[in-house]
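Residues per chain are reported as follows:
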Amino acid sequence: LSSSCFSQINERALFLWDAGVSVPVGVFAKKSITDLNSGFAQVGLSANFSYHIRIKKNHYFSFKTGINSNNFNSNSLTSSLQAQSNSNSYSTSTGRWSNINICIGGTDLYRLNKSNTIQLINSAYLGVSFVQSPNIIITQKNNSSGMQTTSNQASSKATAFVWSIDLGLRYNYSPKITFIFLSSYQSVRPTFRNIPITNSSGSNSNTSFSQSMSLLHFSFVTKINLFSRS
């Protein structure tokens, strides 16, 4: 699900970056206009960078920053609107959800076998997320009169606290090569305020709403230590 790179300097400092997919879960992935919490989010792209400083054996202070981008599912929105009305036809054009996270936290390694070649990785982060909501344009056409109106909800920005948990397995294949599987769960709930909605009929307004955004991210990492001694 991702391509990754992991490098190190004698295990006192670890650097990791990866790029792959972000999978929306819960109400963020839900596609129902009758549920105001639905996010209509699709599977998107994710990129993360983390830096870990060892504070004692198998315990690290961690810094992590990353970005997620998930398209708003306009086809599902159109279908939902159409299902509620036989007298009108709808078309939609939408943007995407995106967020940039800056977090700090800790990472622990737990030995799973006597030789210490297999370890459990556990990380927890807390930070700030800078979130942008999608622009949403809905065009409604009356099938009888042919009259058409267009509603445009602008994109908006918000800042909120974000937390995430990483779990993974680390297999030390040799002094030079290590394989790592990581999974990450991220949650943030921004509130977007005073978003302008313009209507071709002239009835303009503002709206505000909160959106729960939960995402899963998976990566497989190969770590190559060019400076180790066999």
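Everything below is about the structure printed above this text.
Source: prediction; values computed, not measured.

Caption draft 1: The overall build of the protein chain, seen in detail. Within the protein chain, the regular secondary structure consists of one helix and 14 strands. For 230 residues, the compact-globule estimate of 2.2 N^0.38 gives 17 Å, and the C-alpha radius of gyration of the protein chain, at 22 Å, exceeds that figure by more than 25%. Overall, the protein chain is about 80 × 30 × 25 Å in size when its C-alpha atoms are taken along their principal axes. Here the protein chain holds 230 residues, and 40% of them are scored as buried. The contacts of the protein chain with a sequence gap of at least 6 include a subset with a gap of at least 24, amounting to 65%.

Caption draft 2: Focus on the environment of N71. Here N71 shows up in strand β4 (residues 59–71). Assessed through its relative accessible area of 33%, N71 is described here as partly exposed. Considering only alpha carbons, one finds N71 and Y125, 54 residues apart in sequence, at a separation of 25 Å. Here N71 is in contact with F40, A41, Q42, G95 and R96, once residues within four sequence places are set aside. A distance of 3.3 Å separates polar atoms of two side chains, one belonging to N71 and the other to R96.

Criteria and thresholds
- Residues numbered from 1 in each chain as written.
- Predicted model: local features only at pLDDT ≥ 70, side-chain atom pairs only at ≥ 80, totals over all residues.
- Heavy atoms only, no water.
- Helix = DSSP H or I, 4+ residues; strand = E, 2+ residues; numbered from the N terminus.
- Rg over C-alpha atoms; globule rule 2.2 N^0.38 Å.
- Buried < 20%, exposed > 50% of the residue type's maximum accessible area, 1.4 Å probe, protein only.
- Contact = heavy atoms within 4.5 Å.
- Polar contact = N/O pair within 3.5 Å; in protein donor to acceptor, adjacent residues only side chain to side chain.

Fair warning: the whole summary comes from geometry, so function is off the table for now.
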